[in-house]
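Each chain, written out:
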Amino acid sequence: MLLHNISLHDFGAYRGKQSLDLSVKPGRPIVLIGGLNGCGKTTLLDAIQLVLYGQRARCSGRGNRSYDAYLRESINRKANAAEGAEIALEFSVVVDGHERHYRVVRSWHTSGKQLKEFLNVIVDGQHDRILSDGWADHVEDILPLEVASLFFFDGEKIESLADPERAASVIESAVNSLLGVSTVEQLRTDLVALVRRQRLSNEDQAVLDQIRAQEAEHEAARQEIADRTQTLGSVRSRCDRLQVQLDKVEKEFERAGGKLFERQKELESNRKAIAERLAAQRGSLRSLAAGPLPLLMLPQQLARLREQAGREKDADDATRVVGVLEDRDAWLLDQLPASVTAAARTALKKKLATDRQRRESAAELKQSLGLPLDALEQLSALDEALARDASRARELLKESAETSDRLDDADRLLAGVPDQKLIKDLIEERNEAIDMLAVAKDELRRGEEQLQDIKGRRARLGAELERAQQKRVKTLIEIEELERVVTFAGKARDTLEKFGEALLRRHISRLEVAVLQSFKALMRKSGLIHDLRIDTAKSSLVLADSEGEPVDPGRLSAGERQLLAISLLWGLAKVAGNKLPSVIDTPLGRLDSRHRQHLVDRYFPNAGRQVLLLSTDEEIDENLLSRLRPSLAHTYTLVHDDTSFTTTVETGYWWTAGAPHAA
């Protein structure tokens, strides 16, 4: 497994987006990250664990807080909590000889009082939804959490290993998880569970009891169905009889006028509406009769009046022009040209005289009625009004005739309504029949619903009984096979126990050699420890001097115990094959200058294919940096702003400011 890149966005002290290129190459396995205390070195180590393991991550800054509380407090204080924080880690793993590239992105933000977390996994450039949902299980195949805790360690982890009383549990966990011993033990445990399940399956008396109980329950359900079916038959017959009785009463009720009696109020309301409509129509007719409509009864008189009005108008017109006609005619004759013959003049003079005589005769008419000059226009308007009123009167007469017929029909229906005293008994009998039928139908409906429920329950019981019987048959068939499984499982457990013991001895032997070599390589006092053993019973380290005398780890100085802890981690990495990256946070706190040089020269360049080294300026100083330079792939400095309490990542280490990296 190789880490390629990590990006932090508003996580902890890291404001905005901060990225670190973690890629290494052969001969340059170290990425050096410098930072003063409180700048975010441990936060970076926590980020790697958090993005991989989520809630199970063993983050140093979490303490006893809940996971939600830890995530809330991990959002940068200057950032918007609704936008949240994000960690993205890119790494590659070789699977079946092929390298696969992973990008794991874990983000979270607050929404009201809730915190929402998201995890997306991209494999070889493609988002894998299934892997994203099941990442907690998949990451255990890549890098188990117990193993990761041995490769991602800080000063506190080293302190724990340096304390002989606290190192036992760490040593036991390391040996079991990293060297594969726990896998063998898990197989033995799984075989015990397998045997237990097989033995339980042979004890099938419970299955038989279950089958008997299910058969009894199934038979009871069948009998209940038969009983309810018979009861429903009786209820259905009663419903039929009550329906026949109700139909008979309904017919008698209808013959006696019961339907009309029930509709009496409706009929009365309808009759009232019809009468009101007829009264309105007749009122409209009376309004028309109050106007000029009656003049339609005097057509001859109106005709003579129209003729007299015409003659009087003509007489009036003649009277107005007769006085000027003689002068006009003389003027016209004078206007004739000289070429007009005497005969023509005589003929025209005669015509003009005739016209004057006609007009004079008309002017002599006696105006006996004294009609106004616009009498003809008034008579024309009267004709239009009479035509309009006559059309409306015909419509109203037709409508009133129809309404009158409907009123007669309504009166006949009301006349047929029987008196309540005469139909009272039939009403009571009919209501009683309706109520009895409703009760019977409700009883029938409820009975049918209950019958369907029982049939459904019987069907389920039948299916369960069938499965139980098949299981019983299958159990009987497999008894011999299961007994054979139990026998061979016991033999396999014995074999695994022997194999586990042999595997532990082999790994412990290799680990003892690797840890001792590592310790001698790091120690300034080369002759102090001559031999090292691991007590598997107590999971503790046993040291001996050159004369074979035991050396109490408690007698070692704090720095020597710290080197012993680092040697244990280094030895574990050697035995495991150095295939995992190591993240080491502030490892030089209690070491003197000689021991620091040994770590820089001998341990860090050889701790693994990839080493992320988190250091202060006092741990890896300018001198140690020069010694470490040939093994560096990248260098970074975590720069903290004390005014905004935020950290940014800059390339280069102290004493190499401005350089892209120290390599």
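Residues numbered from 1 in each chain as written. Predicted model: local features only at pLDDT ≥ 70, side-chain atom pairs only at ≥ 80, totals over all residues. Heavy atoms only, no water.

### Remarks on the overall build of the protein
And then number 1: If you tally the helices and strands in the protein, you get 18 helices and 15 strands.
And then number 2: Sequence separation of at least 24 residues holds for 73% of the intrachain contacts in the protein that already meet a minimum separation of 6.
And then number 3: Per element, the accessible surface of the protein, about 37400 Å² overall, is 50% carbon and sulfur. (Helix = DSSP H or I, 4+ residues; strand = E, 2+ residues; numbered from the N terminus. Contact = heavy atoms within 4.5 Å. Areas by Shrake-Rupley, 256 points an atom, 1.4 Å probe, with all protein chains shown as cover.)

### Considering the pairing of strand E12 (residues 582-585)
And then number 1: Burial along E12 is two-sided: the residues Ser582 and Ile584 and Val583 and Asp585 are all buried.
And then number 2: The pairing of strand E8 (residues 152-153) with E12 spans two bridges and is classified as parallel. In the sheet register, Phe152 faces E12, and the bridge partner there is Val583. (Buried < 20%, exposed > 50% of the residue type's maximum accessible area, 1.4 Å probe, protein only. Pairing = 2+ DSSP bridges.)

### Some thoughts on the sheet that holds strand E9 (residues 531-535)
And then number 1: Pairing is antiparallel across the open sheet formed by three strands, whose spatial order is E9-E10-E11. At either margin of the open sheet sits one strand with a lone partner, and together these are E9 and strand E11 (550-551).
And then number 2: Here two bridges tie strand E10 (residues 540-544) to E11, and the two strands are oriented antiparallel to one another. Counted as the bridge partner of Leu543 is Val551 from E11.

### Brief notes about the environment of Leu285
And then number 1: Examined against the element boundaries, Leu285 turns out to sit in helix H11 (residues 264-289).
And then number 2: Since its relative accessible area comes to 18%, Leu285 is described here as buried.
And then number 3: Counting along the chain gives 110 residues from Leu285 to Glu395, while the straight-line C-alpha distance between them is 9.8 Å.
And then number 4: Among all residues touching Leu285, those that are not within four sequence positions of it are Ala393, Leu396, Leu397 and Ser400.

### Describing the nonpolar core
And then number 1: Within the largest apolar cluster, 98 residues are counted, with the highest numbers of intra-cluster contacts made by Ile6, Leu52, Phe91, Trp135, Tyr603 and Phe604.
And then number 2: At nine residues, the largest contribution of residues to this core is made by helix H16 (residues 558-576).
And then number 3: The next biggest cluster of nonpolar side chains, apart from the first, holds 12 residues, and it includes Leu232, Cys239, Leu437 and Ile454. (Core = buried A, V, L, I, M, F, W, Y, C linked by side-chain atoms within 4.5 Å.)

### Focus on a nonpolar patch on the surface
And then number 1: On the surface, Leu295, Met297 and Leu298 cluster together into a nonpolar patch covering about 290 Å² of accessible area.
And then number 2: With respect to the secondary-structure elements, Leu298 resides in the loop between H11 and helix H12 (299-334). (Patch = residues over 30% accessible without salt bridge, like charges linked within 9 Å, V, L, I, M, F, W, Y side chains within 5 Å. Salt bridge = Lys/Arg side-chain N within 4 Å of Asp/Glu carboxyl O.)

### Focus on the pattern of salt bridges
One side chain can pair with another of opposite charge once the charged atoms of both are near each other.
And then number 1: With the rule as written, the count across this model stands at 19 salt bridges.
And then number 2: A salt bridge links Glu219 to Arg222, with the nearest nitrogen and oxygen atoms 2.5 Å apart. In this pair, Glu219 and Arg222 are both assigned in helix H9 (residues 205-255), three residues apart and thus about one turn of the helix distant.
And then number 3: Note that Arg627 and Asp601 form a salt bridge whose closest N and O atoms lie 2.5 Å from each other. With Arg627 in helix H18 (residues 622-628) and Asp601 in helix H17 (residues 593-603), the pair connects residues that are 26 residues apart, well separated along the chain.

### With respect to the side chain of Thr403
And then number 1: Within the element layout of this structure, Thr403 appears in helix H14 (residues 375-415).
And then number 2: A polar contact of 3.0 Å, which involves the side chain of Thr403, links it to the side chain of Gln281.
And then number 3: For Thr403, the residues in contact, after removing those within four places along its chain, are Ile274, Arg277, Leu278 and Gln281. (Polar contact = N/O pair within 3.5 Å; in protein donor to acceptor, adjacent residues only side chain to side chain.)

### Topic: the confidence of the model for the protein
And then number 1: On average, residues of the protein score 79 in pLDDT, and 78% of them reach the 70 mark or higher.
And then number 2: Note that residues 657-663 has pLDDT below 50 and, in this model, 14 contacts with residues that lie over four places away or in other chains. (pLDDT = per-residue confidence, 0-100.)

### Side note on the packing of helix H1 (residues 41-53) against helix H4 (residues 135-142)
And then number 1: It is at 9 Å that the axes of H1 and H4 come closest, and there the two elements cross at 120°. Comparing their axes, H4 and H1 come out oblique. Residues Val51, Leu52 and Tyr53 of H1 form the contact with H4, whose own contacting residues are Trp135, Val139 and Glu140.
And then number 2: Split into classes, the residues belonging to the contact of H1 with H4 amount to five nonpolar, no polar and one charged. (Axes fitted to C-alpha atoms, helices over the stretch in contact; angles between N-to-C directions. Parallel < 35°, antiparallel > 145°, perpendicular 65-115°, else oblique. Nonpolar A, V, L, I, M, F, W, Y, C, P; charged D, E, K, R; others polar.)

### What to know about the pairing of strand E1 (residues 2-11)
And then number 1: With seven of 10 residues buried, E1 is to be regarded as a mostly interior element.
And then number 2: Two strands pair when backbone bridges link them, and E1 and strand E4 (residues 85-95) are joined in this way by seven bridges, in the antiparallel orientation. Along E4, the bridge assignment pairs Asn5 with Glu90.
And then number 3: Note: E1 against strand E2 (residues 14-21), six bridges, orientation antiparallel. What sits directly across from Phe11, in E2, is Tyr14.
And then number 4: Count of turn residues in the E1/E2 antiparallel hairpin: two residues, of which Gly12 carries a positive phi of about 60°.

### Let's talk about unusual backbone geometry
And then number 1: Even without being a glycine, Asp10 presents a positive backbone phi close to 55°.
And then number 2: Secondary-structure assignment places Asp10 in strand E1.
And then number 3: The class for Asp10 is buried, based on a relative accessible area of 5%.
And then number 4: Even without being glycine, Phe645 reaches a positive phi, approximately 55°.

### Some details on the environment of Arg392
And then number 1: Counting through the fold element by element, Arg392 comes out in helix H14.
And then number 2: We classify Arg392 as partly exposed; its relative accessible area is 35%.
And then number 3: The spacing of Arg392 and Leu285 is 107 residues in sequence and 8.7 Å in space, taken between C-alpha atoms.

### Examining the packing of aromatic side chains
And then number 1: Within the structure shown, the criterion is met by five aromatic pairs.
And then number 2: Geometrically, the ring pair formed by Phe91 and Tyr102 is stacked, given 5.2 Å between the ring centres and 5° between the ring planes. Here Phe91, found in strand E4, pairs with Tyr102, found in strand E5 (residues 98-111); they are 11 residues apart in sequence, far enough to count as distant.
And then number 3: With centroids separated by 5.5 Å and ring planes inclined at 45°, the aromatic side chains of Tyr603 and Phe604 adopt a geometry described as tilted. By the burial criterion, Tyr603 is buried, and Phe604 matches it.
And then number 4: Three or more aromatic residues joined by ring pairs make a cluster, and in this case those are Phe91, Tyr102 and Trp135.
And then number 5: One residue, Arg77, lies across the ring of Phe645, its end atom 5.1 Å from the ring centre. (Phe/Tyr/Trp six-rings, centres within 6.5 Å; stacked < 30°, edge-to-face > 60°. Lys NZ or Arg CZ within 6 Å of the ring centre and 35° of its normal.)

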